Amino acid sequence: QVQLVESGGGLVQAGGSLRLSCTASGSIFRINTMGWYRQAPGKQRELVAAISSGGSTNYAESVKGRFTISRDNAKNTVYLQMDSLKPEDTGVYYCNAEFFQSLSDAITRRPNEKWGQGTQVTVSS
């Protein structure tokens, strides 16, 4: 069973920083894209940042210049460095990974997807 475990969430004052980590474990051949999503109370889940296996990134306009996504392929880990946090950043942050479970899946281009359980980020004013 493939598992995604997040850590690093917590309570921080506006202007502060947090660093989220997400590590994938289990039988995985290759992770393609990893990303961070967030969901604020009463709102839909939205993409915050994503990074491909080759290092290409994309960010939500609201976090550009403040958040940085990175990954360590050897550790199957993705990070989200969040600086200059605002109260609007408050929400549950979810890690997502698209991956191939086996070589045969990679050859046949049959990816799978997994979500983490989420970690709470609260930014006080």
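Residues numbered from 1 in each chain as written. Predicted model: local features only at pLDDT ≥ 70, side-chain atom pairs only at ≥ 80, totals over all residues. Heavy atoms only, no water.

Tell me about the overall build of the chain, and name the residues and values.
A tally of helices and strands in the chain yields one helix and 11 strands. For the chain, the sequential pattern of α-helices and β-strands runs β-β-β-β-β-β-β-β-β-α-β-β. Against the 2.2 N^0.38 benchmark of 14 Å for 125 residues, the chain shows a C-alpha radius of gyration of 15 Å, consistent with a compact globule. Its C-alpha atoms give the chain principal-axis dimensions of about 50 × 25 × 25 Å. Sorting the 125 residues of the chain into buried and exposed places 39% on the buried side. For the chain, the exposed area adds up to about 6700 Å²; of that, 46% sits on carbon and sulfur atoms. Across the chain, the centroid of the 13 positively charged side chains sits 3 Å from that of the 10 negatively charged ones. (Helix = DSSP H or I, 4+ residues; strand = E, 2+ residues; numbered from the N terminus. Rg over C-alpha atoms; globule rule 2.2 N^0.38 Å. Buried < 20%, exposed > 50% of the residue type's maximum accessible area, 1.4 Å probe, protein only. Areas by Shrake-Rupley, 256 points an atom, 1.4 Å probe, with all protein chains shown as cover. Lys, Arg positive; Asp, Glu negative; His and termini not counted. Charge placed at Lys NZ, Arg CZ, Asp CG, Glu CD.)

Break down the pairing of strand S3 (residues 18-25) for me, with residues and values.
By the bridge criterion, five bridges tie strand S1 (residues 3-7) to S3 in an arrangement that is antiparallel. Within S3, the position partnered with Val5 by the bridge is Thr23. Across six bridges, the pairing between S3 and strand S8 (residues 77-82) is antiparallel. By the bridge assignment, Leu18 is partnered in S8 with Met82. (Pairing = 2+ DSSP bridges.)

Residue-level account of the sheet that holds S8, with values.
Spatially, the four strands line up as an open sheet ordered S1-S3-S8-S7, and their pairing is antiparallel. Single-partner strands in this sheet number two, and they are S1 and strand S7 (67-72). In this sheet, adjacent strand axes meet at a mean angle of 15° when their direction is disregarded. (Axes fitted to C-alpha atoms, helices over the stretch in contact; angles between N-to-C directions.)

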